[in-house]
Amino acid sequence: DISQPEVAAEGAVLLNAATGEVLYGKNQDQQFYPASITKVMTALVVLEHCNLNETVTFSETATTNLESGAVALGVSAGDQLTVEQSLYGLLLKSANEIGNGLAEHVSGMKVVQAFTAEKAFAELMNAKAKELGCKHTHFANPHGLNNENHKTTPYDMALILRAAVANDTFRKIDTTTSYQFPAIKNAAARTITMGHK
């Protein structure tokens, strides 16, 4: 007999990635705020809508619409990065302004009526979540900063991560331990290292 693991987290799930079978669950369908693991879905949606060589031009809104203390790489209005460079900043350093900039890049030209690019991108995230079989997920932004309507479950997040790691580019970027991030207006070129464990 295999004993159940001791998991300190309030919610957890372990899936067989090949079959999707749940091997272990703890509050697996309870909604939680996903915080920066939101960026897994952001990257997945970006990879499905963009070429890595496309240029992302960061707006004032993207670079300043952040809560106090939010993780950032100092990207400012007018800075330009490729989608690939942006994804390294998003996934290695969890840079929130990069999440905003990528959302604007993907959805900015598709904005209709009163929707902002962030809301339009969140709709793409929610459509992708539904496509993956998520039942208790609602994304409101591309970065995971505080929003009472931004929630997912351990099970749904596992479905999202399962799809993300099936993407070769996501896997390459997310397993990189250090990356030469290019110069921007407010910072010289520098090496960034993986911030997650």
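Cut-off values and rules
Note on numbering: residues in each chain are counted from 1, in written sequence order. Local features in this predicted model are restricted to residues of pLDDT 70 or higher, and side-chain atom pairs are both shown and tallied only at a pLDDT of 80 or more, whereas totals for entire chains, interfaces and linings draw on every residue. Derived side-chain values reflect all non-hydrogen atoms in the structure, with water molecules and hydrogen atoms excluded from consideration. The term salt bridge refers to a side-chain nitrogen of Lys or Arg lying within 4 Å of a carboxyl oxygen of Asp or Glu. A helix here means a DSSP run of H or I that spans at least four residues, while a strand means a run of E at least two residues long, and both kinds are numbered starting from the N terminus. Under the scheme applied here, a residue whose accessible area is under 20% of the maximum for its type counts as buried, over 50% as exposed, and between as partly exposed, the area being computed with a 1.4 Å probe on protein chains only. For every residue, the predictor reports its confidence as pLDDT, a number between 0 and 100. Whether two residues are in contact is decided by their heavy atoms: any pair within 4.5 Å suffices. As used in this structure description, the phrase polar contact means that two N or O atoms lie within 3.5 Å; if the pair is within protein, one of them must be able to donate a hydrogen and the other to accept it, and residues adjacent in sequence are counted only when both atoms belong to side chains. In plain words, nonpolar cores are sets of buried Ala, Val, Leu, Ile, Met, Phe, Trp, Tyr and Cys residues tied together by side-chain atoms within 4.5 Å.

A closer look at the pattern of salt bridges
Pairs can form between side chains of opposite charge whenever their charged atoms are close. Inspection of every chain in the model, using the stated rule, returns 3 salt bridges. For the salt bridge of lysine 128 with glutamate 48, the shortest nitrogen-to-oxygen distance reads 2.8 Å. Taken together, the positions of lysine 128 in helix α5 (residues 117-131) and glutamate 48 in helix α1 (residues 38-49) put the pair 80 residues apart, joining distant regions of the chain. The exposure class assigned to glutamate 48 is partly exposed, which follows from its relative accessible area of 43%. Aspartate 168 is paired through a salt bridge with arginine 171; the nearest N and O atoms lie 2.7 Å apart. A residue pair is termed a helical-turn pair when its members lie 3 or 4 positions apart in one helix, as aspartate 168 and arginine 171 do in helix α7 (residues 168-174) at 3 residues.

Examining the confidence of the model for the protein
When pLDDT is averaged across the protein, the result is 93; 96% of the residues are at 70 or more. pLDDT under 50 marks residues 110-114. Its contacts with residues more than four places away, or in other chains, come to 3 contacts.

With respect to the side chain of asparagine 141
Mapping asparagine 141 onto the fold places it in the loop between α5 and α6 (154-165). Within polar-contact distance, the side chain of asparagine 141 engages the backbone oxygen of leucine 145 at 3.2 Å.

Comments concerning the nonpolar core
Counting 41 residues, the largest nonpolar core has Met41, Val46, Leu87, Ile98 and Phe181 as its most contacted members. Elements with a contribution of two residues or more to this core: α1, α3 (83-93), α4 (96-107), α5, α6, α7 and β5 (178-181). With 7 residues, α1 is the largest single contributor of residues to this core. Each residue touching leucine 87, except ones within four places of it in the same chain, is listed here: Ala43, Val46, Leu47, Leu52, Leu92, Leu102 and Ile173.

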